[in-house]
Structures are given as C-alpha cells and as structure tokens.
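# Reading the structure
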Amino acid sequence: MVILNPSLKKSIKFSVVISVYLHDDVDYFIESMNSILNQTLMPSEVILAVDGPVTSSIKDAIKNFESNPIVFVIRSDNNIGRGAIRHRAILSSTTKIIAIMDSDDISADNRFELQVESLINSKADFVGGYISEFTHSIVDFKRERKVPLKHAEIIRRGKWIQPFNHVTIMFHKSMYIKSGGYAFTSVLEDSYLFFRMVKNNAQFHNIPKTLVYVRANNDQLLRRHGFKYFKEEFLTLINTIDVYF
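First, a word on what this report is: a plain description of the structure on this page. (Residues numbered from 1 in each chain as written. Predicted model: local features only at pLDDT ≥ 70, side-chain atom pairs only at ≥ 80, totals over all residues. Heavy atoms only, no water.)

### Focus: the overall build of the protein chain
We apply this condition: The secondary structure listing takes helices from DSSP runs of H or I that are at least 4 residues long and strands from runs of E that are at least 2 residues long, numbered from the N terminus. Buried, partly exposed and exposed residues are distinguished by accessible area as a fraction of the type maximum, computed with a 1.4 Å probe on protein chains only: under 20%, between the cut-offs, and over 50%, respectively. Working rule for contacts: check all heavy atoms of both residues, and any pair within 4.5 Å makes them a contact. Each accessible area value is a Shrake-Rupley result obtained with a 1.4 Å probe; residue values ignore everything except the protein chains displayed when judging cover.
Scanning the protein chain from N- to C-terminus turns up ten helices and nine strands. When burial is assessed residue by residue, the protein chain has 53% of its 245 residues classed as buried. Within the protein chain, counting contacts between residues at least 6 apart in sequence, those at least 24 apart form 79% of the total. For the protein chain, the exposed area adds up to about 12,300 Å²; of that, 55% sits on carbon and sulfur atoms.

### Let's talk about the side chain of Ser132
Stated formally: Any N or O atom pair separated by 3.5 Å or less is treated as a polar contact, with the protein-specific requirement of one donor-capable and one acceptor-capable atom, and with residues adjacent in sequence counted only for side-chain atom pairs.
Positionally, Ser132 belongs in strand S6 (residues 126–134). Here Thr210 takes part through its side chain, which lies 2.8 Å from a polar atom of the side chain of Ser132. Other than its neighbours up to four places away in sequence, Ser132 contacts Phe141, Arg143, Glu144, Thr210, Val212, Tyr213 and Val214.

### Examining the pattern of salt bridges
To keep things clear, this is the line we draw: Any Lys or Arg side-chain nitrogen found within 4 Å of a carboxyl oxygen on Asp or Glu counts as a salt bridge.
Evaluated as defined, the whole model comprises five salt bridges. The shortest N-O distance in the salt bridge between Arg86 and Asp102 comes to 2.5 Å. Within this pair, whereas Arg86 is found in helix H4 (residues 82–92), its partner Asp102 is found in the loop between strand S4 (97–101) and strand S5 (106–107), the two being separated by 16 residues in sequence. Neither Arg86 nor Asp102 differs from the other in exposure class; each is buried. Of the charged contacts in the structure, one is a salt bridge between Arg156 and Glu153, with a shortest N-O distance of 2.8 Å. Taken together, the residues Arg156 and Glu153, both in helix H6 (residues 151–157) and three residues apart, mark about one turn of the helix.

### Focus: the packing of aromatic side chains
The condition that has to hold: We call Phe, Tyr and Trp rings a pair once their centres come within 6.5 Å, taking the six-membered ring for Trp, and we label the pair stacked below 30 degrees between planes, edge-to-face above 60, and tilted otherwise.
Scanning the entire structure with this criterion turns up ten aromatic pairs. Taken together through their ring pairs, the aromatic side chains of Phe126, Phe164, Phe171, Tyr176, Tyr182, Phe194, Phe195 and Phe204 make up a single cluster.

### Topic: the packing of helix H2 (residues 26–36) against helix H3 (residues 56–66)
Condition: Axes, fitted as lines to C-alpha atoms, cover a helix only where it is in contact. Angles between the N-to-C directions of the axes lie from 0 to 180 degrees. Oblique is the label for any angle not under 35 degrees, not over 145, and not in the 65 to 115 range, which are roughly parallel, roughly antiparallel and roughly perpendicular in turn. In this scheme the handedness of a crossing depends on how the near helix is turned from the far one: anticlockwise by less than a right angle means left-handed, clockwise means right-handed. Under the scheme applied, nonpolar residues are Ala, Val, Leu, Ile, Met, Phe, Trp, Tyr, Cys and Pro; charged residues are Asp, Glu, Lys and Arg; polar residues are all the others, including Gly.
Where H2 contacts H3, the two axes come as close as 9 Å, and the packing angle between them is 15 degrees. In terms of their interaxial angle, H2 and H3 are classed as roughly parallel. Crossing handedness for the pair H2 and H3: right-handed. Contacts between H2 and H3 involve Val26, Phe29, Ile30, Met33 and Asn34 from the former and Ser57, Ile58, Ala61, Ile62 and Phe65 from the latter. Among the residues forming the contact of H2 with H3, the class breakdown is eight nonpolar, two polar and no charged.

Put into structure tokens, the structure is as follows:
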C-alpha cells in the first residue's frame, strides 16, 4: 500500500456516525465514544444519533460528550431503528466520507488512519476490515472474524454470506445517497445497504487487520436468530435477487 503524505491525509475530512438507544449499556457507550475520540487520525465530526428516549445515565454521558466541539447530537423523539436513525445522521453530515460505529464496540486506535489511506489508495467506495470478538478485555479477544479482501471476491461471496463486518465500514457519502442508503428495517439493514451499493456498481475493499473490537455475548447471538430475523432475511433475498441472478 502506498502511504499518503501526512499533510494530505490530515486534510481529508470525514464523519463518524454512532447511534445510541434506550437499552444500550452506558459504560460500553462511553468506551465506544472514547475509542472514536482517541484516534491517530481524528474525524472532522462525530454525529451522535439518539434513537428515541434513553436512560438518565446515557443522557448524562451524551451531555459530557457534547462539550467536545467535534461532537454533534441529533435526536428522534421515538425509536425508529438503527437504519433510519443512521440515515438521518448521514444526511446531516457535512463531509464526503462516512464511518459507522456501534455503541458497544471499541475501534482500534489507528482504524480511521488505515481506512482513509485504503479508501484513497484502492479507489474504493466502501472499505471495511476484520473484527476481533472479546468478552471482558480487548487484550484477550476470542476470535478474529476475517472477510474477503478484494472487490471480486467480496462480490462473489456476497451471494451467500455477509462479506464485510458492518461495524467497520467507511464509505463515500455520494455512493450511499446514489444507492438509496439503509432500508428502514428492524434487522439486516446492513445487508440491504450492501446489495443496494452492488446494484449501483460500488467498488469494495476490506483491510486485512482488526479495525474494531466487538463484544461477544449471548444477546448478540439471540439477535441473529428467531422468526423475525428469518423473515427479514427471506425478504432481503427476494428484494435483492436481481443483483446476482
């Protein structure tokens, strides 16, 4: 990889979108925000999207983060779901590059530096990377989830599996808008976004390094099972089948 000139790299502006809602753990949320605010390459803005009513402890944490001049808060009175609240945040952003973050995960401290370099050097529209799952501390992570790296392999394997880790993604806002962005579903909004970008000829790339540390717990597994999830997965296949066949 060609390393960008440091002055050029620092001139690139990008936004980070992170959403928080009622049932998020406030301590995890604070850790997640701090991992964004302690990067080797800092974002121009962090858009904190509050999805409906939240606890008093989360409100207090949000108030503390609002004192940072790069943190901007948008709010929805009602819980509208991750896809919809992220969409609002992305449309409100003032930069041309967007990174996504979840409120209970931890970004590697050089995540954005690696992604900005990759986004430019690879000429991709959409860049992700590996995640490492952990339970208590990121130093004793349990498993690294690898994904295909090159565009052709990402497209090929995307027929059958999720070929990127959603919490790691960074993309050009123009491609997001062109593709139509997130579908406002309660689950699988990440799959819809990928398929919509495929239909609009987006270029994909994954970095072969852990960009985000993800908490592995039973709640995460439960969210990926059940009739509701199966129904959304089936509807995703029906609505996007023309991408490949």
